[in-house]
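Now for the letters of each chain:
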Amino acid sequence: MIGLISATAAGAAARDRLATAWPGRTKVYEGPVRESVERAFAECEQLVCFLATGAVVRIVAPLLAGKSADPGVVCVDEGQRYAVSLLGGHGGGANALAAAVGDVLGAEPVVTTATDVAGIPGLDTLGWPVEGAVASVTRAVLDGDPVALRADAVWPLPPLPGNVAPGGEGAAAALHVTDRVVETGPHDAVLRPPSLVVGVGASKGAPVEEILSLVGTALSEAGLSVRCVAELATVDAKADEPGIVGAAQRLGVPLVTHAAERLAEIAVPNPSGAPLAAVGTPSVAEAAALAGGGELLVPKRKSSPEGRAAMATCAVVRKAPRGRLAVVGLGPGARDLVTPRATEELRRASVLVGLDQYVDQIRDLLRPGTRVIESGLGAEEERARTAVAEARAGHAVALIGSGDAGVYAMASPALAEASDDIDVVGVPGVTAALAAAAILGAPLGHDHVSISLSDLHTPWEVIERRVRAAAEADIIVTFYNPRSRGRDWQLPKALSVLAEHREPQTPVGVVRNASRPDESSRLTTLAGLDPATVDMMTVVTVGNTATREIAGRMVTPRGYRWQS
């Protein structure tokens, strides 16, 4: 919950705008300011105070308990010009909150956290537990001192600066990425990846404490960190067993269950007749831990309660890291049409793959240390294979395309190459057809279709059949790749097919370089369009029988009845 506190009428008005923008996420505190801040500080994860920073500092100073416990605090000035991240920039989420407040109020976020200002991901912002000398290692990263990266495997981390590298003889500090318990010194930090799956079997009524003690002992004796447990796993029949459910809750991890038939198919070193009779599989702990693949680190072991028989078993598996491929649409070219989600994915990726001219458009958005793999026109399949290979190697990869990456772009060849051994994220973008339509007016107000006239990958006979189907169905058509130097007859042919079913005065919109500095557009008719004025940077939209020109704009009604 986000607590909102104000002292003046202007502050209250801004406060109410936030409350309206974030329904269910905020709580307005009324009454004396000091009491309101103190109550919100105790009750909320975050605060937005429409107060002077000095006043808030004096109020919260006696309340501070530590970075891991304090809420994030943002201060907004009376004129709503600035949203200042005052406290809990990373741990409390105040830096992100300041940006969100800025989006709603038009205020400029003020962030002074060194890593954020330098464009470097903070070790405490990666979503994984971090321990050790975090401040010391972060300082070395920021100062450009050599920092040894000691990782057991390649994980899909955001990019790290060039001074953080494997090896590290004589390095000023070390960053360990491991699930093992390691000795650390005053210049060592440890990132704990979610690498361990703990399979659990239990008799009916097994106590939570017995299961937790067993898991803790198994991990400790194997030299593994409990903070790297990603999930508990068991058989479906134990999905509601209170002890197992409670153990997952106490560890703060999900409980994943598998059908007995599935577990019975998994080869394990220690099968047993008891679970086979009880739940239909000769192994619960080992098989459940191995269900997602991986390396068995701790074979099945039983709990050892004092004075009675064991009621729980567990096994531990290290799963292989899964790389991450984000297929990102950059929009039609204008920077303000690159979505915030696309920007976030670009900054999250440690490897960027793309067409050289598209890379140039967004190079300034990349974090320091991002590895860029770029190539020229005609290398689409090679880029797709490269992106998937980098993801399979464990990296966080962004594969970029113009418009929407799934529309005549990179998503199709990449996903045809990818299998289920990587995580794939699609980031939608504004297509050329949509950008052109916004410039023309509202030409896509009813059913519409996009057709590429390039016969490089599709035989012309197929393209013509699709154009004819759209013409006969009275569907609005947007033509991509309408005409090039070596391919100049396809657009006239497509227009002639449409003309068999539409009047010569049917509106046609022509937009070149939509949203870019040299954008141009014009409205003409099916009979009046000169194909020689069209090139590969142009989108041509042909209306249907209901499309009209109104006040210089191309408009297709949602229905086929015009409103008076």
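Refer to the structure presented above.
Now for a description of the structure that goes with this document. (Residues numbered from 1 in each chain as written. Predicted model: local features only at pLDDT ≥ 70, side-chain atom pairs only at ≥ 80, totals over all residues. Heavy atoms only, no water.)

Bringing the pairing of strand E10 (residues 173–177) into the picture now. Counting buried positions along E10 gives five out of five residues, so the element sits mostly inside the fold. Here E10 shows two buried faces, one formed by Ala 173, Leu 175 and Val 177 and the other by Ala 174 and His 176. The pairing of strand E8 (residues 147–151) with E10 spans five bridges and is parallel. Among the inter-strand pairings, Ala 148 is bridged to a residue of E10, identified as Ala 174. Across four bridges, the pairing between E10 and strand E11 (residues 188–191) is parallel. Directly across from Val 177, in E11, lies its bridge partner Leu 191. (Buried < 20%, exposed > 50% of the residue type's maximum accessible area, 1.4 Å probe, protein only. Helix = DSSP H or I, 4+ residues; strand = E, 2+ residues; numbered from the N terminus. Pairing = 2+ DSSP bridges.)

Okay, the pairing of strand E5 (residues 82–87) next. Alignment of strand E4 (residues 72–76) against E5, held across four bridges, turns out to be antiparallel. In the strand pairing of E5, Cys 75 is matched with Val 84. With antiparallel pairing between neighbouring strands as the criterion, E4 and E5 make up a hairpin whose turn holds five residues, including Gln 80 at a positive phi of roughly 60 degrees. Pairing geometry for E5 and strand E6 (residues 108–110), over three bridges, is parallel. Looking at E6, one finds that Ala 83 is bridged to Pro 109. Each parallel crossover has a hand, and the one from E5 via helix H4 (residues 94–105) to E6 is right-handed. (Right-handed = clockwise from strand over helix to strand, strands pointing away.)

Moving on to the sheet that holds strand E1 (residues 2–6). A sheet is described by the order of its strands in space; here six strands give the open sequence E2-E1-E3-E4-E5-E6, paired in mixed fashion. The two strands at the open ends of the sheet, each matched to only one other strand, are strand E2 (26–29) and E6. Each adjacent strand pair in this sheet contributes to an overall mean axis angle of 25 degrees, direction not counted. Each of E1, strand E3 (46–50), E4, E5 and E6 is contacted by H4, which is oriented at about 35 degrees to E4, the strand it contacts most. (Axes fitted to C-alpha atoms, helices over the stretch in contact; angles between N-to-C directions. Contact = heavy atoms within 4.5 Å.)

Purely spatial values, then, with no claim about function.
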